[in-house]
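What follows is each chain in one-letter form.
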Amino acid sequence: MSTRIGAVAWVVGTAQFLVVQLVVAAAWRTPYSWGGNNISDLGNVHCQIWDTSRPRYVCSPLHSLMNVSFAVHGALLLAGILLTGACWGRGGVARAARILCGTGGAAFVVVGLVPADVDENLHLLAALFIMGVGNVGLLCAGFVRRDSFFGRLRPVSLFAGAVAVVSAGLFFAQQDPGIGLGGMERVAVFTLDAWTLVMALAMWRSRGDATALSARAAVAKV
């Protein structure tokens, strides 16, 4: 039951995070660019020219909604990690993966509580934990024991972890491969979300298959 609740937490957290971004971006009077603007721009409190490295006008009327979404996303991501413990398996790698990914989830909460234009240093530190520490945790998930549920899906985790780490490195190095730095940031952030969705669906499917097998076994006994 705890695993199923954890899967639901991941799905709900990711879904609301995406929907809220669409809603908040649509409320901008100036066009919001998913390739040119950072995700954090949606949560900035003040209307002003922002970011000395890439100056741009930022004015997000629904910034409060976005910041709540950041915090909710992080809390549900962390809850899912705690509740799906059985799926990660045993061993040091599994523990490291959960701790690192959980740290990324906690950092999302900090991002929501401290917008970039309120305390830039703390906000950037939290973002570093999300895209740095959290993504390394995702890569570690690709090396959990093969006898665990997530271990049986190792190729998915390895691919997602590699994409997340490389994209985060490109973003922090301010290297644009053609999708804009805002787009690069989204790849670095959304890859973990995509992984949680895949794992959540796999857990639900596994539960459904187990239930069906039990039902067939019961019928056979009758």
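Computed from a predicted structure; not experimentally measured.

Caption draft 1: The arrangement of the overall build of the chain in detail. For the chain, the count of helices and strands is seven helices and two strands. Secondary structure of the chain in N-to-C order comes out as α-β-β-α-α-α-α-α-α. Scored against the burial criterion, the 222 residues of the chain give a buried share of 45%. Taking all contacts inside the chain whose residues are at least 6 apart in sequence as the whole, residues at least 24 apart take part in 66%. Counting only carbon and sulfur atoms, one obtains 70% of the accessible surface of the chain, whose full area is about 10700 Å².

Caption draft 2: Up close: the state of the cysteines. In the structure shown here, the tally under the stated rule is one disulfide. Disulfide partner of Cys47: Cys59, at an S-S distance of 1.9 Å. Between Cys47 and Cys59 the disulfide shows an S-S torsion of about 45°. By sign, it is right-handed. Of this pair, Cys47 sits in the loop between helix 1 (2-26) and strand 1 (48-50) while Cys59 sits in the loop between strand 2 (56-58) and helix 2 (63-83), and the two are twelve residues apart along the sequence. For Cys59, a relative accessible area of 14% puts it in the buried group. Here Cys101 stays unpaired: no disulfide links it, and the sulfur of Cys140, its closest cysteine neighbor, is 7.8 Å away.

Caption draft 3: Structural context of the packing of helix 2 against helix 4 (residues 92-113). One way to put it is that helix 2 packs onto helix 4 with a least axis distance of 6 Å and a crossing angle of 160°. One element, helix 2, and the other, helix 4, form an angle in the roughly antiparallel class. Once helix 2 is placed against helix 4, the crossing between them reads as left-handed. Residues Asn67, Phe70, Ala71, His73, Gly74, Ala75, Leu77, Leu78, Ile81 and Leu82 of helix 2 pack against Arg98, Cys101, Gly102, Gly105, Phe108, Val109, Val111 and Gly112 of helix 4. For the contact of helix 2 with helix 4, the residue count by class is eleven nonpolar, six polar and one charged.

Caption draft 4: Structural view of the packing of aromatic side chains. The full count for this structure, using the stated rule, is eleven aromatic pairs. When the centroid spacing of 6.1 Å and the interplanar angle of 85° are considered together, the rings of Phe17 and Phe190 count as edge-to-face. Taken together, the residues Phe17 in helix 1 and Phe190 in helix 7 (residues 180-221) connect sequence positions 173 residues apart. Of the residues examined, Phe17 reaches a relative accessible area of 1% and is grouped as buried. With centroids separated by 5.6 Å and ring planes inclined at 55°, the aromatic side chains of Trp88 and Trp195 adopt a geometry described as tilted.

Caption draft 5: Broad picture of the nonpolar core. Among the nonpolar cores identified, the biggest contains 48 residues, and Trp10, Trp88, Met131, Phe150 and Trp195 are the most heavily contacted of them. Broken down by secondary-structure element, the contributors of at least two residues to this core are helix 1, helix 2, helix 3 (85-88), helix 4, helix 5 (120-141), helix 6 (154-172) and helix 7. Per-element tally for this core: the top contributor is helix 7, with ten residues. With sequence-adjacent residues up to four places away left out, Trp10 is seen in contact with Leu76, Leu77, Gly80, Ile81, Thr84, Trp88, Phe150, Trp195, Thr196, Met199 and Met203.

Caption draft 6: Quick peek at the environment of Pro61. Its location among the elements puts Pro61 in the loop between strand 2 and helix 2. Taking the C-alpha atoms as reference points, Pro61 and Gly132, 71 residues apart in sequence, are found 29 Å from one another. For Pro61, the residues in contact, after removing those within four places along its chain, are Ala27, Trp28 and Arg29.

Caption draft 7: Molecular detail of a nonpolar patch on the surface. Among the surface-exposed residues, Leu122, Leu125, Leu128, Phe129 and Phe172 lie close enough to one another that they form a single nonpolar patch of about 410 Å² accessible area. The dominant element in the nonpolar patch, judged by the number of residues it contributes, is helix 5, at four residues. Within the secondary structure, Phe129 is located in helix 5.

Caption draft 8: How the structure looks around the environment of Trp88. Looking at where Trp88 falls in the secondary structure, it is placed in helix 3. Within polar-contact distance, the side chain of Trp88 engages the side chain of Thr84 at 3.0 Å.

Reading the values: the criteria
Residues numbered from 1 in each chain as written. Predicted model: local features only at pLDDT ≥ 70, side-chain atom pairs only at ≥ 80, totals over all residues. Heavy atoms only, no water. Helix = DSSP H or I, 4+ residues; strand = E, 2+ residues; numbered from the N terminus. Buried < 20%, exposed > 50% of the residue type's maximum accessible area, 1.4 Å probe, protein only. Contact = heavy atoms within 4.5 Å. Areas by Shrake-Rupley, 256 points an atom, 1.4 Å probe, with all protein chains shown as cover. Disulfide = S-S within 2.5 Å. Axes fitted to C-alpha atoms, helices over the stretch in contact; angles between N-to-C directions. Parallel < 35°, antiparallel > 145°, perpendicular 65-115°, else oblique. Left-handed = near helix turned anticlockwise from the far one by under 90°. Nonpolar A, V, L, I, M, F, W, Y, C, P; charged D, E, K, R; others polar. Phe/Tyr/Trp six-rings, centres within 6.5 Å; stacked < 30°, edge-to-face > 60°. Core = buried A, V, L, I, M, F, W, Y, C linked by side-chain atoms within 4.5 Å. Patch = residues over 30% accessible without salt bridge, like charges linked within 9 Å, V, L, I, M, F, W, Y side chains within 5 Å. Salt bridge = Lys/Arg side-chain N within 4 Å of Asp/Glu carboxyl O. Polar contact = N/O pair within 3.5 Å; in protein donor to acceptor, adjacent residues only side chain to side chain.

All quantities given are derived from atomic positions and should not be read as evidence of function.
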